Amino acid sequence: MQDGGACGYTNAVSQAPYNSFVSAGNAPLFRKGLGCGACYQVQCNLGPCSGNPVTVTITDECPGCSGAIHFDLSGTAMGAMAKPGQADALRNMGNIAISYQRVPCQYKNTNVAFKVDPGSNANFLSVNVEFENGDGDLNLVELVPGRSTQSITMNHVSGATWSTNINPSAQPAPYSIRLTTEFNKKLTAPNVIPVGWKPGQTYNSNVNFL
């Protein structure tokens, strides 16, 4: 498992806009990584619970979690469902019954970001895609080289990471990246991977889903 969860978001899970309001999910939620980035509203109605809903993003896999649907909530998210002063009591209850619903992700003042994997090189590009509003998760990622309208379908590696081989002479940077969500919403981040891009760097786009 990667640091920060199997989706590959690393230390971003503790920072804005996720702010540790995250969850691991069992197989129907994680969807072999294609569920990464989806948002859910969860709430509980037990004694320590406030009854107020909390929104979390799927950032990790919980392969040992049983049941038809199982959220392994972060301590922050779990505590946020509690009445004032009851956060620790709720966390200490362990497995609890919750209600949930899929909701649009809403990351205010944040655009989609692309974190280039440290193993990338001039002939191979691997990116982790973060902070998609709306559906949150992705079913297709395509790379469009500079001076081209011909897209390259990227391979789903794991979590929210997608990769492709590239020929830098025939397929030069800058690279635009086209995203398609689970529910077929499309968005292009133009020229988001610049000329002179470097492995390990994160490149912020100027776009996001509505």
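Reading the values: the criteria
Residues numbered from 1 in each chain as written. Predicted model: local features only at pLDDT ≥ 70, side-chain atom pairs only at ≥ 80, totals over all residues. Heavy atoms only, no water. UniProt positions renumbered as here; feature names shortened; annotations may be inferred. Helix = DSSP H or I, 4+ residues; strand = E, 2+ residues; numbered from the N terminus. Contact = heavy atoms within 4.5 Å. Polar contact = N/O pair within 3.5 Å; in protein donor to acceptor, adjacent residues only side chain to side chain. Pairing = 2+ DSSP bridges. Axes fitted to C-alpha atoms, helices over the stretch in contact; angles between N-to-C directions.

If you check an unreviewed UniProt entry, the chain appears there as Expansin-b15 from Nicotiana attenuata. Taken directly from UniProt, the Subcellular location (unreviewed entry) text for the chain runs: "Secreted". Under the heading Sequence similarities (unreviewed entry), UniProt records this for the chain: "Belongs to the expansin family."

A. View of unusual backbone geometry. Alanine 16 connects to proline 17 through a cis peptide bond whose omega is 5 degrees. Looking along the chain, the bond that leaves alanine 173 and enters proline 174 is cis, with omega of 5 degrees. In this model, arginine 147 sits at a positive phi of 60 degrees, which is unusual for a non-glycine residue. The residue arginine 147 is located in the loop between β8 (138–144) and β9 (152–153) in this model. Its identity as a non-glycine residue notwithstanding, asparagine 184 has a phi of 70 degrees, on the positive side. In this structure, asparagine 184 sits in the loop between β12 (175–181) and β13 (186–193).

B. The environment of glutamate 132, seen in detail. Note on placement: glutamate 132 falls in the loop between β7 (124–130) and β8. Along the primary structure glutamate 132 and glycine 37 are separated by 95 residues, whereas in three dimensions their C-alpha atoms are 7.1 Å apart. If near-sequence neighbours (up to four positions away) are discounted, glutamate 132 is found in contact with Cys105, Tyr107, Val112, Asp137, Leu138, Asn208 and Phe209. Within the local environment of glutamate 132, its side chain forms a polar contact with the backbone nitrogen of glutamate 130, the two atoms lying 3.5 Å apart.

C. Summary view of the sheet that holds strand β3 (residues 54–61). On the basis of which strands lie adjacent, the open sheet formed by five strands has the order β4-β1-β3-β2-β5 and mixed pairing. Lying at the two open borders of the sheet, with one neighbouring strand each, are β4 (71–73) and β5 (99–103). Neighbour-to-neighbour, the strand axes of the sheet open up by a mean angle of 40 degrees, direction not taken into account. Sheet analysis places strand β2 (residues 39–43) next to β3, joined by four bridges and oriented antiparallel. By the bridge assignment for β3, tyrosine 40 is matched with valine 56.

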